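# A look at the structure
Below, each chain spelled out in residue letters.
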Amino acid sequence: MSPEAAFHSDSHPLMFIEPHVLANAFLHCESRKVDKSGRINFMSKKYEAGLSFIGCTVDVVYDPADISELTIEYEGYTPFKAKELTIGERVGKRSGLPEYLQRKPADSSRLLTAAASRNKERQNRQNQAISFRSVGKEDGRHV
């Protein structure tokens, strides 16, 4: 029996792979570290990764034929698309820093607390000066 005859005599229907599964099978993946501005440098081009990934190493999934759009993956986050940055004359408003990177207001100062306690100790140790002004004035006579 020839391969063609065997193919036509098979009773099972053909199963085709979904296009997006097949496309994902041929994508490439590289790791990149996100810089302090929330961007990655990939093939001499800048892409926005997000401020929440500062200092993290993310996986960049891309199609080598088209690197205008990348997929950024990081453990615990859903993958998202990143487009190439174009910095023009008018730049959009930057998003705020994550909460863990923002300044926290101080509720006390260790330096001022230590200075205040030393001042109290100094005042307690300070001896009273003796005054002789009232000694001869009680009965009106001078000594």
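The structure reproduced in this document is the subject of the present report. Computed from a predicted model, the values in this text were never measured in an experiment.

## Details of the nonpolar core
Core analysis: the largest hydrophobic core is formed by 13 residues, its most contacted members being Ile 40, Phe 42, Tyr 47, Val 60 and Leu 70. Mapped by element, the contributors of at least two residues to this core are strand 2 (39-42), strand 4 (57-63) and strand 5 (66-73). Once residues lying within four places of it in the same chain are set aside, the contact partners of Leu 70 are Ile 40, Phe 42, Tyr 47, Val 60, Val 61, Tyr 62, Phe 80, Lys 81 and Ala 82.

## Focus on the sheet that holds strand 6 (residues 80-83)
The 4 strands are arranged 1-4-5-6 in an open sheet whose pairing can be described as antiparallel. For this open sheet the edge positions go to strand 1 (28-33) and strand 6, each flanked by a neighbour on one side alone. Within this sheet the neighbouring strands show an average axis-to-axis angle of 35°, counted without direction. Where strand 1 and strand 4 come together, 6 bridges link them in antiparallel fashion. Bridged to His 28 within strand 4 is Tyr 62.

## Brief notes about the pattern of salt bridges
What the rule picks out here adds up to 3 salt bridges. Note that Glu 30 and Arg 32 form a salt bridge whose closest N and O atoms lie 3.0 Å from each other. Taking the relative accessible area as the measure of exposure, Glu 30 reaches 26% and is therefore partly exposed.

## Focus on unusual backbone geometry
Even without glycine at this site, Met 43 takes up a positive phi of about 50°. The backbone of Ser 44 sits at a positive phi, close to 65°, despite the residue not being glycine. Note on placement: Ser 44 falls in the loop between strand 2 and strand 3 (45-48). Note on Ser 44: relative accessible area 73%, which makes it exposed.

## Observations concerning the packing of aromatic side chains
What describes a pair of aromatic rings is the distance from one ring centre to the other and the angle between the planes of the rings. As enumerated under the stated definition, the model contains 6 aromatic pairs in all. Between Phe 42 and Tyr 62, the aromatic rings sit 4.7 Å apart at their centres with planes inclined by 65°, giving edge-to-face as the arrangement. With a gap of 20 residues between them, Phe 42 in strand 2 and Tyr 62 in strand 4 connect regions that are remote in the sequence. Comparing Phe 42 with Tyr 62, the two get one shared label, buried. A ring pair is formed by Phe 53 and Phe 80, whose centres lie 5.8 Å apart and whose planes are at 20°; its orientation type is stacked. Of this pair, Phe 53 sits in the loop between strand 3 and strand 4 while Phe 80 sits in strand 6, placing them 27 residues apart in sequence. Residue Phe 53 is classed as buried on the basis of its relative accessible area, which comes to 5%. You can call Phe 80 partly exposed: its relative accessible area is 25%. Taken together through their ring pairs, the aromatic side chains of Phe 53, Tyr 74, Tyr 77 and Phe 80 make up a single cluster.

What counts, and at which threshold
Residues numbered from 1 in each chain as written. Predicted model: local features only at pLDDT ≥ 70, side-chain atom pairs only at ≥ 80, totals over all residues. Heavy atoms only, no water. Core = buried A, V, L, I, M, F, W, Y, C linked by side-chain atoms within 4.5 Å. Buried < 20%, exposed > 50% of the residue type's maximum accessible area, 1.4 Å probe, protein only. Helix = DSSP H or I, 4+ residues; strand = E, 2+ residues; numbered from the N terminus. Contact = heavy atoms within 4.5 Å. Pairing = 2+ DSSP bridges. Axes fitted to C-alpha atoms, helices over the stretch in contact; angles between N-to-C directions. Salt bridge = Lys/Arg side-chain N within 4 Å of Asp/Glu carboxyl O. Phe/Tyr/Trp six-rings, centres within 6.5 Å; stacked < 30°, edge-to-face > 60°.

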